[in-house]
Amino acid sequence: RVLDDAAAQATTTNSKNTRTNNTKRVRFGDSKKNKRVSSYVILIGIGMVVFGVTFSVTLVQDTRTAVPLGAKDHPLLGSFVDRSSTSTQNINLETAAVSLSRNTHTHDANNNTPEEAGSHTASTHTPLNGLSCTPYYNEPSKSESEMVYWSDIPTDSGYRSPFHDSDDGDEQYMTFEPDRGGWNNIRMAMETVLVMAHATGRTLVLPPEAEMYLLKKKGGKHKTEFGFNDFFHLDRLDKEHEGMKIITMETFLKRMAVTGKLGAVTLPDNSRIDWNGRMLEPLWQYLRNVGHIRANWNPNECVAAFPSSRGSDAVERMAQLFDNMASESNTGGRSLPKNEDYHGKPVPVDGSTEERLRELLDKRNGLCIYDVEMQSVPLIHFQAKHRLLTHFYSFVFFEDWKQDVWTKRFVRDHVRCSPPTPPTFSCLFYILRILPYLS
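Basis of the calculations
Residues numbered from 1 in each chain as written. Predicted model: local features only at pLDDT ≥ 70, side-chain atom pairs only at ≥ 80, totals over all residues. Heavy atoms only, no water. Pairing = 2+ DSSP bridges. Helix = DSSP H or I, 4+ residues; strand = E, 2+ residues; numbered from the N terminus. Axes fitted to C-alpha atoms, helices over the stretch in contact; angles between N-to-C directions. Contact = heavy atoms within 4.5 Å. 1 Å grid on protein atoms, 1.4 Å probe; cavity = no way out; pocket = protein on both sides within 12 Å on 5 of 7 lines; lining within 4 Å. Points joined across faces, edges and corners; volume = space filled by probe spheres on them. Nonpolar A, V, L, I, M, F, W, Y, C, P; charged D, E, K, R; others polar. Core = buried A, V, L, I, M, F, W, Y, C linked by side-chain atoms within 4.5 Å. Buried < 20%, exposed > 50% of the residue type's maximum accessible area, 1.4 Å probe, protein only.

1. Some remarks on the sheet that holds strand β5 (residues 367-369)
Phase 1 of the analysis: Strand order in the open sheet formed by three strands is β5-β4-β7, and the pairing between neighbours is parallel. Either end of the sheet is taken by a strand with one partner, and the two such strands are β5 and β7 (396-398). Sheet twist, expressed as the average angle between the axes of neighbouring strands with direction ignored, equals 35°.
Phase 2 of the analysis: Those strands touched by helix α9 (residues 353-361) are β4 (303-306), β5 and β7, and its axis lies near 175° from that of β7.

Structure (structure tokens):
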């Protein structure tokens, strides 16, 4: 009986273990099933994303074929401007100036359009660089109005810097080495050089196509060497603005180096002019030898100051302005400014030259003035090691407040990243907006 009881107990135990193991196998099987279900869910999610992107692509028009929207259709967007039919000769900068505080915007009666004083009536807005969702819907979409931050002010295209040479004068140039940091550093330095090229009236020479830090992934079929035209509409800046000239490095070398106009220094690599995709250090060294370099133009130590006219008198006037400020500080008067002095108290854009300069200085100890020597040299070159690691509006100062405001509008309205063409995804924002209403 004892043996029979032991055998019975063993049988019961084995039966429980068997059920437990079967349960584990079932649960293990469920785990496999769950993994398959998760995979299906991921695939369905990817499919929905692809569908959404594809749907958004069908909503977008290419710049060349977009239907312009009239101002009556959308008060913010306005219509396109045909620059070829717009007279821009003898433009008075006063008509394109904005007399608003840096941190203040006035709006029209409909609270739609930031008012550009003196040129508001002549300005129109370019819808998403020629792209629009509105033609596909019964009512104008709010998505464009939430994304468009730029304006198209026809009179702005005719403005020239006071240092811009007449059409029959000797053309002057500016070259630069791209920053060696990440993309945002590269972009900031490029914008600063672009602004200074216009401010000095010089033709901007674009660097050759080359690898850029963090954008040079090897392998695959994607592009690994880039120029700035891959990211910005620089060709449009040249065509649309009378005071802005932009050329390629190849054109510059053919025009100036091969002809000997930059001196007796020989072009490296058997007088090569096409440097796209090449090691650029020999080219940079050549430009350092033939170009004018100001190593002290350091955004951390000085403000790049541009007088309102040519000549030594204007340069002396700018230098004397800073000397007076420093002298006043040394004699117990008003101290040199600090950024915190202007928190919540911005100087009006049309304020005095001294007050605007004080606001921008922020503990920097001097001015880097575009002096007579720099005004006269044929080529100015900026080295990568002298990093222009700053936003242009915190480094560049104009004696003429109207030129300062024009420059900020120029970058805001025209220096924008190129959209991928085609297709583009500008209307994806609209899709995300309406998704909650589709469920």
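Anyway, onward from the coordinates.
2. What to know about the layout of surface pockets
Phase 1 of the analysis: Space inside the second largest pocket adds up to approximately 560 Å³.
Phase 2 of the analysis: Lining of the second largest pocket is provided by 25 residues; of these, R180, A210, E211, L280 and W284 occupy positions nearest its centre.
Phase 3 of the analysis: For the lining of the second largest pocket, the residue count by class is 13 nonpolar, three polar and nine charged.

3. Digging into empty space enclosed by the protein
Phase 1 of the analysis: Per the stated rule, a full pass over the model turns up one cavity of 30 Å³ or more.
Phase 2 of the analysis: Within this model, the largest cavity holds a volume of roughly 70 Å³.
Phase 3 of the analysis: As for the largest cavity, its lining consists of F176, E177, D179, A189, V193, F382, Q383, A384, H386, R387 and L388.

4. Some remarks on the nonpolar core
Phase 1 of the analysis: Residues L194, M196, L204, W297 and F306 are the most contacted members of the largest nonpolar core, which totals 43 residues.
Phase 2 of the analysis: Secondary structure elements with two or more residues in this core: β1 (173-176), α3 (183-200), β2 (203-206), α4 (234-240), β4, β6 (379-382), β7 and α11 (401-414).
Phase 3 of the analysis: With nine residues, α3 is the single largest residue contributor to this core.
Phase 4 of the analysis: Core analysis: the second largest hydrophobic core is formed by 19 residues, A210, M249, L262 and L379 among them.

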